[in-house]
Amino acid sequence: MSAAPSLRVLSIATLFPDAARPNFGLFVEKSLRALAAQPGIALTIVAPVGLPPFPLSLHKRYRALRSLPRNEVWNGLTVLRPRFTLIPRVGARFNPAKVARAALSAVRGQSFDVIDAQFFYPDGPAAMRVADALGLPFSAKARGADISHFGHTPATRSQVIEAGKKAAGLLAVSEAMRGDMAVIGIDPAKVAVHYTGIDTARFHPGDRAAARAALGIDASPAILTVGALIERKGQALVIEALPALPDVDYWLAGAGDEEGRYRALAQKLGVATRVHFMGPVANADLPQLYRAADLVVMPSVSEGLANAWVEALACGTPIVISDAGGAAELVTSPIAGRIVERTPRAIAEAVQAVLANPPSPADVAASLGGRFDWDRNGRELAAHLRGCASL
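Numbering of residues starts from 1 in every chain and runs along the sequence as written. Note on the predicted model: pLDDT of at least 70 is required for a residue's local features to be given, and 80 or more for side-chain atom pairs to be given and counted; whole-chain, interface and lining totals, by contrast, use all residues. By convention in this description, side-chain values take in all heavy atoms of the structure and omit both hydrogens and water.

1. Thoughts on the packing of helix α1 (residues 26–36) against helix α16 (residues 374–389)
To keep things clear, this is the line we draw: Each axis is a line fitted through C-alpha atoms, and for a helix only the stretch in contact is used; angles between axes span 0 to 180 degrees, taken between their N-to-C directions. Secondary structure follows DSSP: runs of H or I at least 4 residues long count as helices, runs of E at least 2 residues long count as strands, and numbering of each begins at the N terminus. For classification purposes, an angle smaller than 35 degrees is called roughly parallel, one larger than 145 roughly antiparallel, one from 65 to 115 roughly perpendicular, and anything else oblique. Crossing handedness follows the turn of the near helix against the far one: under a right angle anticlockwise gives a left-handed crossing, and clockwise gives a right-handed one. Contacts were defined at the residue level, with two residues in contact if any of their heavy atoms lie within 4.5 Å. Put simply, Ala, Val, Leu, Ile, Met, Phe, Trp, Tyr, Cys and Pro go in the nonpolar bin, Asp, Glu, Lys and Arg in the charged bin, and everything else, Gly too, in the polar bin.
Here α1 crosses α16 at 70°, and the two axes come no closer than 7 Å. On the basis of their axis angle, the class for α1 and α16 is roughly perpendicular. Two packed elements cross with a definite hand, and for α1 against α16 that hand is right-handed. Facing Phe27, Lys30, Ser31, Leu32, Ala34 and Leu35 of α1, the residues of α16 in contact are Trp374, Asn377, Gly378, Leu381, Ala382 and Leu385. Tallied by class, the residues present in the contact of α1 with α16 amount to eight nonpolar, three polar and one charged.

Given below as structure tokens:
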């Protein structure tokens, strides 16, 4: 069998890990590492670094970003990190053009066959501009808020739709996300579903009692949310469900602007002693945290197909989630958990039902059916990009 012809891929990824933010877009790195491992793939990644104008760029929150190398080998991947001017809060509509200019400057003199955008916004419209400048085809992947927010916001909607029309091919993290793309006018026939991967060597069932002992979690039933403390993730609804779950402790892994409000809400409802704010949790520590929990509860307003859902199930922990994104593609039976309305009462009833009849961790993990695998993810991405480049 002859070897596949070389495919030179330029991938634009505004979410990608770096020394200052090692967990920032870690799933993107995983996917691109899987792509790079495929035969005949030559991959260059542009991970633009957004910095606000001077003197805001001198703020301590940007200090580590200013010192990042312009190019490096990151876990075996060639990564270029050009800078672009970021206008906080109000500058989203300008980001694709700025990212495109930064990317073109970083790869000047290099040749590629296809442009890959790892998010639909701003990466997709940026890839569209880069592809137009270089006379190349491009692909973009939809993951969640890049469609549910930027695809509906007047300031950015037109760029999302234009990128969808001009792309040689498109990807979505779930069948539901493909439907969301169709709603805003993107041709679903151009969209292939591309599920994420999971590292089953790390995310697998284990001894719950041992995991709890290691984390200092007592024997009380424990429910967990993993994600930023922002309104969209719905942690407030879980806190409001706790009065109906008198024996249950709630653990929140993540940080965000809503933490103060959530603490005040827990105090007001008299459940503060059962609400535990863990702050950011390193990716390496997540498997043990999932195993320690009886349930992962995530009543988000919107998702694509949340990595935390897949990771929890892989660790044998059922999930209680809202009907967002690809929820129905994961929770296909009570073994995997429940899909509920976004109300405290519905959340409490679902938690009670699962705790009353907990499935075995092995059965929960088996509910994924082998659909989430990084090697498969890489093979499918390589085949998709070859199709876009007609190679």
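Let us keep going from here.
2. What to know about the pairing of strand β9 (residues 169–172)
The line we're drawing: Under the scheme applied here, a residue whose accessible area is under 20% of the maximum for its type counts as buried, over 50% as exposed, and between as partly exposed, the area being computed with a 1.4 Å probe on protein chains only. DSSP bridges decide pairing: two strands pair if at least two such bridges lie between them.
Burial of the side chains of β9 extends over both faces: Gly169 and Leu171 are buried on one face and Leu170 and Ala172 on the other. The pairing of β9 with strand β10 (residues 191–193) spans three bridges and is classified as parallel. Paired with Leu170 across the two strands is Val191, which belongs to β10.

3. A word on the packing of aromatic side chains
This is how it is decided: Stacked, tilted and edge-to-face pairs are distinguished by plane angle, under 30 degrees for stacked and over 60 for edge-to-face with tilted covering the rest, among Phe, Tyr and Trp rings (Trp via its six-membered ring) whose centres lie within 6.5 Å. In our convention, an over-ring charge means Lys NZ or Arg CZ found within 6 Å of a ring centre and within 35 degrees of that ring's normal.
Across all of its chains, the model carries four aromatic pairs by this definition. With 6.2 Å between their ring centres and 65° between their planes, Phe27 and Phe119 make a pair best called edge-to-face. Of this pair, Phe27 sits in helix α1 while Phe119 sits in the loop between β7 (114–117) and α4 (123–134), placing them 92 residues apart in sequence. Overall, Phe119 belongs to the buried group, its relative accessible area being 10%. Their ring planes at 55° and their centres at 6.3 Å tell us that Phe203 and Tyr290 sit as a pair that is tilted. Here Phe203, found in the loop between β10 and α8 (208–215), pairs with Tyr290, found in helix α11 (residues 286–292); they are 87 residues apart in sequence, far enough to count as distant. On the basis of relative accessibility, which here comes to 0%, the residue Tyr290 falls in the buried class. The ring of Trp74 carries Arg81 above its face, with NZ or CZ at 5.5 Å from the centroid. Over the aromatic face of Phe119 sits the side chain of Arg143, whose NZ or CZ is 5.1 Å from the ring centroid.

4. Re helix α6 (residues 154–166)
The complete set of buried residues in α6 reads Thr156, Gln159, Val160, Ile161, Ala163 and Gly164. Packed against the buried residues of α6 are α3 (95–106), α4, β8 (138–142), α5 (145–148) and β9.

5. Some thoughts on the sheet that holds strand β13 (residues 275–279)
Strand order in the open sheet formed by six strands is β13-β12-β11-β14-β15-β16, with parallel pairing between adjacent strands. Edge strands, defined here as strands with exactly one partner in the open sheet, are β13 and β16 (337–340). Each strand of the sheet is rotated relative to its neighbour by a mean of 20°, with strand direction disregarded. In terms of strand pairing, strand β11 (residues 222–226) meets strand β14 (residues 295–298) through two bridges, oriented parallel. From the neighbouring strand, Ile223 faces β14, where its bridge partner is Leu295. Running over the sheet, helix α14 (residues 344–356) touches β11, β14, β15 (319–322) and β16 and is turned about 165° from β16.

6. What to know about the sheet that holds β8
Sheet strands associate in pairs through backbone hydrogen bonding, adopting either a parallel or an antiparallel arrangement. The eight strands lie next to each other as β4-β5-β2-β1-β7-β8-β9-β10, forming an open sheet whose pairing is mixed. Either end of the sheet is taken by a strand with one partner, and the two such strands are β4 (71–74) and β10. Put simply, the sheet's adjacent strands are angled 25° from each other on average, direction ignored. Pairing of β7 with β8 involves three bridges; the strand directions are parallel. Bridged to Ala117 within β8 is Ala140. Packing of α4 onto the sheet brings it into contact with β1 (7–12), β7 and β8, and relative to β7 it is tilted by some 165°.

7. Focus on the nonpolar core
Threshold: To form a nonpolar core, buried Ala, Val, Leu, Ile, Met, Phe, Trp, Tyr and Cys residues must be joined to one another through side-chain atoms within 4.5 Å.
Formed by 72 residues in total, the largest nonpolar core has its most connected members in Ile115, Phe120, Met181, Leu224, Tyr290 and Trp309. Of the residues forming this core, the biggest block, six residues, is contributed by helix α12 (residues 307–314). In this structure, Trp309 is in contact with Met298, Glu303, Ile319, Ile321, Ala324, Gly326, Ala327 and Leu330, ignoring residues within four places of it in sequence. Grouped together as the second largest cluster of nonpolar side chains are 28 residues, Leu229, Val271, Leu295 and Val340 included.

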